[in-house]
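In case you want the letters, here they are:
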Amino acid sequence: MESRLIDITAQFPEVSPDDVWEDVAGFGFDGENTATSLPAKRVRAENPSPAAAAGRDTPLRIAPQSPAPVNNGGPSPGLEVQEINGRVLRLEPEESAASRMPRQVAFRERQSHPDGNHPASGETREWGRSKRQSIVWILGTGMAVACTVVGALTLLPMVNESNAARPRPGQIELVLDPDERPKDASSLTAILARQDEAERLFHAFASASSPNAVLPLVRDPAVVEPLIRAERRPPLTSGTRRLQRTSNWSAFETNGLTYGLLKGDLPDLSDFSAYFVLSDGRLRLDWKASTAYGTASFAELERKKGNPGEIRGWISASDFYTLAFPENEFQSYQLASPDRLNSVWCYSRRGEAASERLNQLLKGGDILKSKAESVKITLQLESGPDDALANQWLIGEVLHKDWISP
């Protein structure tokens, strides 16, 4: 079988001695511009000398060298070998440093004092030893401190009184209402402990269907019986549906009377405020205060009708004045109904007892106006001048604060 292998060497002619490479000069093989040359081959000596044996451990330093000089036919130079020994080249300053002055030590003897009791600086012979103080000196110091403290406490009220703020002319002095000062905390505690009883009592009152069922539950039944029978209000809730338990139960004391106030919501989502007092060891409902009873309705008062002898409502300061009630003679108030749906204007003569009482309740003055919050009040109203509006009334007397009578 004929072989298909091709001999590629047969395609090129053999190299003759006369052939010269054109770029041989660039590689440094022309012998003229050789940049690097190899050292001569070492020959191992058969019997090396001790100096040569010791030089084997000497480190060598190989550094780049400049191109070897061109030699014509001579042997190529070898590598430059520099021996490194332990010597260090130190540079000496050009100018010598100035010599230091030698230290001179002088001995001084300690001065001797004529008397041996002369104290040293900050020390004495008794330094570091405990000293016992005299009992008389200790007692005297304690009594002096006690007298100073007692004297300062004695003078403190006098100093506070001299620095106390005093009302300027025309300024109303605010004092604590005597009705707000509790005289006995035990009565308040006794009221607060009867929340369950108050809730049961109010449920019985709210679900009562006849005056006979209400009278055993109320305070002063003989006084309010004619009023209850004349009112004939429908039950606030049915007897089968109990009120939800409320946690808004508080106790107050005013004019020597301790009472409890129960607040909550009725089944129709309207709110109620029920007043209770202790009578013969049992809670009784104050019917007038709980129902916000008035001798005339606010619808009648707006038309200047009805009996204004006992009116309960919410009072607040106002600045509405007319020719019938000028500002320089009267103080204006707005009296709202218990449900805050209707209101009338009320006026008190400046300087009278009713005006002073209302100013204390509303905490107002000539510069600082009365607070905007309204408070509960029970008033006796009187008809105003003939030129007054139909819904303008004169305050005859402040019966009592809040809706419950003492």
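A quick note: this is a predicted structure, and the numbers were derived from the prediction, not measured. The numbers attached to residues start from 1 for each chain and follow its sequence in the written order. A pLDDT threshold of at least 70 governs which residues receive local features in this predicted model, and a stricter bar of 80 or more applies before side-chain atom pairs are shown or counted, although totals over entire chains, interfaces and linings include all residues. As a convention, hydrogens and water are excluded, and side-chain values are obtained from all of the structure's heavy atoms.

1. With respect to the overall build of the chain
A tally of regular secondary structure across the chain gives 9 helices and 9 strands. Buried residues in the chain amount to 25% of all 406 residues. Residue pairs at least 24 apart in sequence account for 57% of intrachain contacts in the chain once pairs closer than 6 positions are excluded. Summed over all atoms, the accessible surface of the chain reaches about 31,200 Å², with 53% contributed by carbon and sulfur. Numbering goes from the N terminus for both helices and strands, where a helix is a DSSP run of H or I of at least four residues and a strand is a run of E of at least two. The buried label goes to any residue with under 20% of its type's maximum accessible area, the exposed label to any with over 50%, and the partly exposed label to all in between, with areas taken from a 1.4 Å probe on protein chains only. Pairs of residues are marked as contacts when any of their non-hydrogen atoms sit within 4.5 Å. The protein chains shown are the only cover counted for residues, whose accessible areas, like all others here, come from Shrake-Rupley with a 1.4 Å probe.

2. Thoughts on helix 9 (residues 353-362)
Of all 10 residues in helix 9, 7 are buried, a share of seventy percent or more. Those residues of helix 9 lying buried are Ala354, Ser355, Arg357, Leu358, Asn359, Leu361 and Leu362. In this structure, the buried residues of helix 9 make contact with strand 5 (311-317), strand 6 (330-336), strand 7 (343-349), strand 8 (375-383) and strand 9 (392-401). Taken from the residues just after helix 9, Lys363 is the one with a positive phi, measuring 55°.

3. With respect to the side chain of Thr378
As for its placement among the helices and strands, Thr378 is situated in strand 8. With residues near it in sequence (within four places) discarded, Thr378 still touches Glu310, Ile311, Arg312, Val398, Leu399, His400, Asp402 and Trp403.

4. Comments concerning the nonpolar core
Soluble, globular proteins show a tendency: their nonpolar side chains are buried together. Ranked by size, the top nonpolar core spans 25 residues in total, and within it Phe202, Phe205, Ile228, Leu262, Ala274, Phe276 and Trp287 carry the most contacts. Counting residues per element, this core draws most heavily on helix 4 (residues 195-206), which supplies 5 residues. The nonpolar core is taken to be a set of buried Ala, Val, Leu, Ile, Met, Phe, Trp, Tyr and Cys residues, with the residues joined through side-chain atoms within 4.5 Å. Counting 20 residues, the second largest nonpolar core, distinct from the first, contains Phe298, Ile315, Val344 and Leu358.

5. Some details on the sheet that holds strand 5
Strand order in the closed barrel made by the 5 strands is 5-6-7-9-8, with mixed pairing throughout. Along the sheet, successive strands turn relative to each other by an average axial angle of 55°, direction set aside. In this structure, strand 8 lies alongside strand 9, joined through 7 bridges in antiparallel fashion. Opposite Glu382, over in strand 9, you have Leu394 as the bridge partner. To obtain each axis, a line is fitted to C-alpha atoms, and for helices this fit is confined to the stretch in contact; angles are then taken between N-to-C directions over 0 to 180 degrees. Most of the contacts of helix 9 go to strand 9, to which it runs at about 65°, and overall it touches strand 5, strand 6, strand 7, strand 8 and strand 9. Two strands form a pair only when DSSP identifies at least two bridges running between them.

6. Some points on the sheet that holds strand 4 (residues 282-285)
Spatially, 4 strands are ordered 1-2-3-4 in an open sheet, and the strand pairing comes out antiparallel. In the strand order of this sheet, the two ends are held by strand 1 (248-254) and strand 4, each with one partner. Mean inter-strand twist for the sheet, computed between neighbouring axes without regard to direction, equals 35°. When strand 3 (residues 271-279) meets strand 4, the two strands line up antiparallel, connected through 4 bridges. Paired with Leu278 across the two strands is Leu283, which belongs to strand 4. Along the sheet, helix 3 (residues 185-192) makes contact with strand 1, strand 2 (257-265), strand 3 and strand 4, crossing strand 1 at roughly 155°. The strands touched by helix 4 are strand 1, strand 2, strand 3 and strand 4; relative to strand 4, the strand with the most contacts, the crossing angle is about 40°.

7. What to know about the environment of Leu262
Take Leu262: it is sitting in strand 2. Looking at Leu262, the relative accessible area reads 1%, which means it is buried. C-alpha separation for the pair Leu262 and Ser250, spaced 12 residues apart in sequence, amounts to 6.8 Å.

8. As for the packing of aromatic side chains
Two aromatic rings from Phe, Tyr or Trp, using only the six-membered ring of Trp, form a pair when their centres are within 6.5 Å; if the ring planes differ by under 30 degrees the pair is stacked, by over 60 it is edge-to-face, and anything between is tilted. In the structure shown here, the tally under the stated rule is 11 aromatic pairs. Ring geometry for Trp314 against Trp403: centres 5.8 Å apart, planes inclined by 75°, an arrangement best described as edge-to-face. Taken together, the residues span a long stretch of sequence, with Trp314 in strand 5 and Trp403 in the segment after strand 9 at a distance of 89 residues. Since its relative accessible area comes to 6%, Trp403 is described here as buried. Between Phe325 and Tyr347, the aromatic rings sit 4.2 Å apart at their centres with planes inclined by 5°, giving stacked as the arrangement. Here the residue Phe325 occupies a position in the loop between strand 5 and strand 6, and Tyr347 occupies one in strand 7, the gap between them amounting to 22 residues. Just as Phe325 is buried, Tyr347 falls in that class too. Among the aromatic residues, those joined into a cluster by ring pairs are Tyr321, Phe325, Phe330 and Tyr347. In this structure, Arg340 is placed above the aromatic ring of Trp314, and the distance from its NZ or CZ to the ring centre is 3.9 Å. Criterion for a charge above a ring: Arg CZ or Lys NZ at most 6 Å from the ring centre, at most 35 degrees from the ring normal.

9. Notes on the environment of Asp319
If you trace the backbone, Asp319 turns up in the loop between strand 5 and strand 6. Here Asp319 falls in the exposed class, since its relative accessible area comes to 68%. Residues Asp319 and Tyr333 lie 14 residues apart in sequence; the distance between their C-alpha atoms is 7.5 Å.

10. Some points on the pairing of strand 2
Among the 9 residues of strand 2, 7 are classified as buried, and the element is accordingly described as predominantly covered. The turn joining strand 1 and strand 2, which pair antiparallel and follow one another in sequence, is formed by 2 residues; a positive phi near 55° is taken by Asn255. The sheet contact formed by strand 2 and strand 3 spans 7 bridges and is antiparallel. Opposite Gly264, over in strand 3, you have Phe272 as the bridge partner. Between strand 2 and strand 3, which pair antiparallel one after the other, the connecting turn spans 5 residues, and Leu269 there sits at a positive phi close to 70°.

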